[in-house]
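Structure assessment
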Amino acid sequence: MQYFFSLSLFRTMTALLFYLLSIYATSAEINSLRVSQSGDRTRVVFDLSEVVRHSLIFLEKPDRLVIDVANTTVETTFDRTSLIKTPISKIRYGVRSGRDVRIVFDLTDKVTAKSFILNGNLDSKDRLVIDLTLESKNISKTVEKILERTDRKIIVAIDAGHGGKDPGASGPNRLREKKIVLQIAQKIEKLFDQNPHFDGVLVRTGDYYIDHRKRTAIARDNNADFFLSIHADGFPDPRAYGASVYALSTQGATSEAARYLESSENRYDLIGGASDLNIDNQDVMLSDVLVDLVMSATLRSSLDAGAYVLKNMGTVARLHKKKVEQAAFLVLKSPDIPSLLIETGFISNPKEAKLLDSDRYQQKMAQAIYDGLYSYYVDWPPVGTSLASNIDDLVRFHTVSRGDTLSEIALKYGTSVTKILRLNNLSSKVIRIGQKLSIPPS
Ligand SMILES: [Zn+2]
């Protein structure tokens, strides 16, 4: 028995050894090196022949960042890369254990480091990316974040569709979509600006054209929490009528996530920007999953907010469809900013065109869109906003549905019938379906 046991153990060991040898039989190569500097961040990119395992450690006196890369050879020289304006004074390397490489960044400043692997595609190789951030700047950013956590305003970017050379849809009497959507957008902006917990930002402020990608870029530059694109429909049949609300289609979201993933190093920024997650490890699958998660969370928020907006629009306009529709509109494709495209009505329908051109109706429409998004945020206040810290003092809205009674509504929101009647200037307890009530703070 003893003999057979040892033999089988020997066989297992041999198999294991062959397995390990096969793993180490091929070694990866570092083929080139690039260094870029923007603001307080330095990015070092190593082009690889294949994906590698690596680890980072900081050493002090003098300050160094050490990157150990397993089973790899260096097939390039590091001396020719310019390190001007970076916190790195020199990049050098040595071979360890005969097959691993240890790369050392000699540092002139205190930095923090993050690293990740990017898989290659048709146009690019596998890459090892090291991001260094100056520590002093880091601290001010942390302070900024702490400040943000108490009383940040919610920023709503309002995009009036079309403009300039692109008039959009047209209606009777040379009425142009680009004109009325700008007027409505300006009214929505004003409503958000009047609320101390919000800041409205107009993407287009006059009669000029902006490319679709530029529109979402303007929203991002303004740190927008939400993106509203305002439009009016046109249709050959003048009888077509009604308002609609669109979010991005799931397919559109998936293809846009894919576009981001393909488009290289940016996806790390996307994840970094959208959450506090640190992706210090090499698990590229994880970051793929995270981009997907960010994207589907964005879509979820868009659909949720869209339902609030649509419900409120239903109190002033006829609706084209009773639920939020989904389409792959380009302006809706921000992976990290919830976005809605709102068709305020059919400008090609003479009756709706007349309404959409009137100041009074535009104001009602703007108010409904504002009320919808406001109500969404009151129900789902983002952490770190002044809205969240003042949530108990805020007025809410309730749209009366079939079967609602005032006492039930009062109970639901923790207030009294008398307070609701007073806030809404109502003299009788009779309410009607579709009526919008302001609900006092509980
Ligand atoms: Zn349009």
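Quick look at the structure, then. (Residues numbered from 1 in each chain as written. Predicted model: local features only at pLDDT ≥ 70, side-chain atom pairs only at ≥ 80, totals over all residues. Heavy atoms only, no water.)

Here the zinc ion is held by His162 (NE2), Glu177 (OE) and His231 (ND1), and the distances to it run 2.1 Å. Mapped onto the sequence, the donors of the zinc ion take the spacing H-x14-E-x53-H. One end of the pair, glutamate 177, is in helix α3 (residues 177-194); the other, histidine 231, is in strand β14 (residues 226-233), with 54 residues separating them in the sequence. Of the two residues, glutamate 177 and histidine 231, neither departs from the other in class, the shared state being buried. (Donors = N, O, S within 2.8 Å, 3.2 Å for Na, K, Ca; no water. Helix = DSSP H or I, 4+ residues; strand = E, 2+ residues; numbered from the N terminus. Buried < 20%, exposed > 50% of the residue type's maximum accessible area, 1.4 Å probe, protein only.)

Let us look at the sheet that holds strand β16 (residues 325-327). Taken together, the six strands give an open sheet; going across it, the order is β13-β10-β14-β17-β15-β16, and neighbouring strands pair in mixed fashion. Two strands lie at the open edges of the sheet, namely β13 (198-202) and β16, each paired on one side alone. With direction set aside, neighbouring strand axes in the sheet form an average angle of 30 degrees. Where strand β10 (residues 154-160) meets β13, five bridges bridge the pair, whose relative direction is parallel. The residue of β13 that forms the bridge with isoleucine 158 is leucine 202. (Pairing = 2+ DSSP bridges. Axes fitted to C-alpha atoms, helices over the stretch in contact; angles between N-to-C directions.)

The next thing to look at is the packing of aromatic side chains. The description of two aromatic rings rests on the distance between their centres and on the angle between their planes. In this structure the tally under the stated criterion is 12 aromatic pairs. Centroid distance phenylalanine 192 to phenylalanine 198: 5.2 Å. Interplanar angle 50 degrees. Geometry classified as tilted. The pair formed by phenylalanine 192 and phenylalanine 198 is uniform in burial state, with each residue classed as buried. When the centroid spacing of 5.7 Å and the interplanar angle of 70 degrees are considered together, the rings of tyrosine 308 and tyrosine 376 count as edge-to-face. Taken as a pair, tyrosine 308 in helix α7 (residues 284-313) and tyrosine 376 in helix α9 (residues 359-379) lie far apart in primary sequence, 68 residues in all. In this structure tyrosine 308 comes out as partly exposed when scored by relative accessible area, which is 22%. Feature note: the residues Phe192, Phe198, Phe226, Tyr308, Tyr370, Tyr374, Tyr376, Tyr377 and Phe397 constitute an aromatic cluster, connected by ring pairs. Just above the ring of tyrosine 209 sits the side chain of arginine 215; from NZ or CZ to the centre is 5.8 Å. For the cation-ring pair, lysine 436 lies above phenylalanine 397, with the distance from its terminal atom to the ring centre recorded as 5.6 Å. (Phe/Tyr/Trp six-rings, centres within 6.5 Å; stacked < 30°, edge-to-face > 60°. Lys NZ or Arg CZ within 6 Å of the ring centre and 35° of its normal.)

Two elements in contact, α3 and α9, have axes separated by 9 Å at closest approach and are oriented at 50 degrees. Compared by their axis directions, α3 and α9 come out oblique. As for the relative orientation of α3 and α9, their crossing is right-handed in sense. On α9, the residues touching Ile180, Gln183, Ile184, Lys187, Ile188, Leu191 and Phe192 of α3 are Asp359, Gln362, Gln363, Met365, Ala366, Gln367, Ile369, Tyr370 and Leu373. By residue class, the composition of the contact of α3 with α9 is 10 nonpolar, four polar and two charged. (Parallel < 35°, antiparallel > 145°, perpendicular 65-115°, else oblique. Left-handed = near helix turned anticlockwise from the far one by under 90°. Contact = heavy atoms within 4.5 Å. Nonpolar A, V, L, I, M, F, W, Y, C, P; charged D, E, K, R; others polar.)

Moving on: unusual backbone geometry. A cis geometry characterises the amide bond from lysine 61 onward to proline 62, with omega recorded as -5 degrees. When you line up the elements, proline 62 lands in the loop between β3 (54-59) and β4 (64-69). At histidine 162, a residue that is not glycine, the phi angle is positive and equals roughly 60 degrees. Its location among the elements puts histidine 162 in the loop between β10 and β11 (170-171). Despite not being glycine, asparagine 173 shows a phi value in the positive range, around 55 degrees. Take asparagine 173: it is sitting in the loop between β11 and β12 (175-176). Here asparagine 173 falls in the exposed class, since its relative accessible area comes to 78%.

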